[in-house]
2 protein chains.
Amino acid sequence: MNPTIKDVAQKANVSIATVSRVLNNLSGYSDKTKQKVNEAIKELGYQPNAIARGLINKRTQTIGVMFPSVSGAFSSDLLKGIEELANDRNYSVMVCNTDQDGKRTLKYLQLLREKQVDGIIYSSEVLKKEYYDVLETMKIPVVLVSSQTEFASVPYVKVDDYQAAYDATLYLISKGHSKIAMISGNPSDAIAGAPRAEGYRKALEANGIPFDSRYLTFGDFLYESGSIAMEALLEQAPDVTAVFAASDEMAIGALSTVIKYGLSVPEDISIMGYDDLGMAKMIIPPLTTVRQPLYDIGKIAVEKLIQMIETGETVDSKIVDHLIVERQTVRSLT
Amino acid sequence: MNPTIKDVAQKANVSIATVSRVLNNLSGYSDKTKQKVNEAIKELGYQPNAIARGLINKRTQTIGVMFPSVSGAFSSDLLKGIEELANDRNYSVMVCNTDQDGKRTLKYLQLLREKQVDGIIYSSEVLKKEYYDVLETMKIPVVLVSSQTEFASVPYVKVDDYQAAYDATLYLISKGHSKIAMISGNPSDAIAGAPRAEGYRKALEANGIPFDSRYLTFGDFLYESGSIAMEALLEQAPDVTAVFAASDEMAIGALSTVIKYGLSVPEDISIMGYDDLGMAKMIIPPLTTVRQPLYDIGKIAVEKLIQMIETGETVDSKIVDHLIVERQTVRSLT
DNA sequence: CTCTTTTACGTAAACGTTTACTCTCTTTAT
DNA sequence: ATAAAGAGAGTAAACGTTTACGTAAAAGAG
């Protein structure tokens, strides 16, 4: 049995109230007493019990983080930012992998409530009404990352997906490309799907390039689907000179199939990704991509969450800047 | 204020003891009572408070996971396995990124103790005496993953690094290579450093290939260091035909410099990695490597940890099988 | 029908803290 | 010298559960 505050009190010949006071350095004790108490603490190797503490002040100093998939470089970068700032601010983080499964998500939401987390970061998935409802009843702060919701004022932090895709497409156009294909995510995905496809389309049109549906293919953001989409593309639109993928993984998948077909990047086909995962600079040739500063996004999300927790105020959403990272998979046609 | 068990009791016209009994479905109440209670629960939207529960039964159903770095595909795969099984078994996981920093590690250990986690998974770093000592005083179960320790009987789950490196080298030899270099990790790293270098060396010697120190270089397991090590190698031993890197990231770094020097893989130089991260199959050409089943390792670690928690028994360590994954970066010389 | 056992509860203590109240001394002001 | 104020401390309630113990009624045994 670990020593409790009671043991310390006994050893130091004071009441537990006094021990608690020096522990939380409040006022109301003499220097001698303080010293006695601290000695007792040291001797016993006493450590406060955060559970008991949490019970009484209704704060657990813990936040829950929900990911659609805890694997993948994407979540990993984000998590790193989250964990780091949370730790600096004396919060712990509990990870929850929803696997994009409604059942699991709901189960987790309930779990987080039972465990009395002080706030929740909800990542990468649309916040469905179903989830929003339970979040409402638990009345704890939530911030969305790389996500958004129609419901009320849940703050989010993300890049402007539409604009980022627009800029990426514009970049390709500025390099002289006009036969530009896109490997989009699922168009029913209101965050990483539709807006990016829309940005691509609008950028084309704004530059007098008519949208051609043969150039638009779909994947699920993962490597395999990028490969497959690229094969389809090569088949149905062999004249493309550039392809913009809605994720780095898909871009890399696409890259692998163009190589497999004996073509080269960027000489024959230029490829542009989205995310800037750590991997993007390791592949050969290094991937030109639009960067989402995931690490920073994680930090900002925690910052906002803690602000909500500690002040009770609502906070504003934040659009963070994306950035085009020029590496070696895009060739200038001019 | 969320409803408590007291509110439920009141609404159902029973004592809180009874509510608690139906909550934990123990015996000692009639069906009518049970129904009344359940109705009250539903109506109030009551959820038990795990903190209060934890206080009394000294179980938080939470485990702490310590990583040297929470980023990187490595930790990510491991975490996924851990999270998944933990969740199945009704445990939550708290992530702690030590950043390979002693101060942070100690701070975290203390934090985990205060938060009363039921067990700890300690990953990828040697368990120093300093840490072991505090772990001892907290008296909670620990399992090491991809790690080991001289101290007492802390169970671990990992691959046999020596053997895996031996096998990798043997594989290269079997493909007709004899001028085989290695990019090792830090030789003072008793887990991923020395044993792998030793395996490499012994495999060479067992096959009549004298060890040549020009062929042995060092990195820190990350991409950059692999690039740099490869440059040194090309300089000091331009006749190598194969290089075995102690991590996939370093292998990929090496691969990039080989390409940069105008050579090709595997035609001019064969490269073999270690880990089999998700990335390994995405690069071009796909990396031949020795696989550590990180996802499974994570699961096994949790399994063992929970067994220790729930039975109080000590458990055995486990060496999991590694596997050579043949892809396209190794050429047969014969 | 009486005695014993079982069932169905209620009461209250306990878990380890924090904190609102008290209370007793000093100190300071008048 | 006396009153007021403050410092240093203790007592006990509270947080939301679980659970040992007690007890009255119901059920079963004879």
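Throughout this document, residue positions are counted from 1 along each chain, in the order its sequence is written. Each chain is given a letter, starting from A, and each ligand a number, starting from 1, according to the order in which they appear as written. A pLDDT threshold of at least 70 governs which residues receive local features in this predicted model, and a stricter bar of 80 or more applies before side-chain atom pairs are shown or counted, although totals over entire chains, interfaces and linings include all residues.

Draft legend 1. Quick look at the relation of the copies chain B and chain A. Our superposition of the copies is a least-squares fit, built on the C-alpha atoms of residues whose pLDDT is at least 70 in both. Least-squares fitting of chain B to chain A yields an RMSD of 0.1 Å, with the transformation described by 0.1 Å of translation along the axis and a rotation of 180 degrees. Between the two chains, the operation in question is that of a two-fold axis. When each C-alpha of chain B is compared by its distance to the rotation axis, M94 of chain B comes out closest, at 2.2 Å. Any pair of residues counts as being in contact when their C-beta atoms, constructed from backbone geometry, are within 7 Å of one another. When the interface residues of chain B are mapped onto chain A, 100% of them again lie at the interface, so the same face is used by both copies.

Draft legend 2. Fine view of the interface of chain B and chain A. Tallying the contact residues gives 41 residues for chain B and 41 residues for chain A. Runs of H or I in DSSP of at least four residues are treated as helices and runs of E of at least two as strands, each being numbered from the N terminus. Contributions of two or more residues to the side of chain B that touches chain A are made by α4 (50-57), α5 (72-88), β2 (92-97), α6 (102-114) and α11 (248-260) of chain B. With 8 residues, α5 of chain B is the largest single contributor of residues to the side of chain B that touches chain A.

Draft legend 3. Molecular detail of the sheet that holds strand β7 (residues 216-218) of chain B. Residues and elements named next belong to chain B. One requirement defines pairing of two strands: DSSP has to find at least two bridges between them. Reading across from one edge, β7-β6-β8-β9-β10-β12 is the order of the 6 strands in this open sheet, with mixed pairing throughout. The sheet is open, and its two edges are formed by β7 and β12 (323-325), each paired on a single side. Strand-to-strand, the axes of this sheet are offset by a mean angle of 20 degrees, without reference to chain direction. Pairing geometry for strand β6 (residues 180-184) and strand β8 (residues 242-245), over 4 bridges, is parallel. Within the sheet, the bridge partner assigned to M182 lies in β8 and is F244. Inter-axis angles, ranging from 0 to 180 degrees, are taken between N-to-C directions of lines fitted to C-alpha atoms, where helices are fitted over the stretch in contact. In the packing of helix α9 (residues 194-206) onto the sheet, contacts are made with β6, β7 and β8, and the angle to β6 comes to roughly 170 degrees. Together, β6, β8, β9 (270-275) and β10 (288-291) form the strand contacts of α11, whose direction differs from that of β9 by roughly 160 degrees.

Draft legend 4. Just the packing of helix α2 (residues 16-23) of chain A against helix α3 (residues 31-44) of chain A, in detail. Residue and element names in this part refer to chain A. For the pair α2 and α3, interaxial distance at closest approach is 10 Å and the crossing angle is 90 degrees. Between α2 and α3, the angle is such that the two are roughly perpendicular. Where α2 approaches α3, its residues T18, V19 and V22 are matched on the opposing element by T33, K34, V37 and N38. The residue makeup of the contact of α2 with α3, split by class, is 3 nonpolar, 3 polar and 1 charged. Each angle receives one of four descriptions, namely roughly parallel if under 35 degrees, roughly antiparallel if over 145, roughly perpendicular if within 65 to 115, and oblique otherwise. Under this grouping Gly is polar, as are all residues other than the nonpolar Ala, Val, Leu, Ile, Met, Phe, Trp, Tyr, Cys and Pro and the charged Asp, Glu, Lys and Arg.

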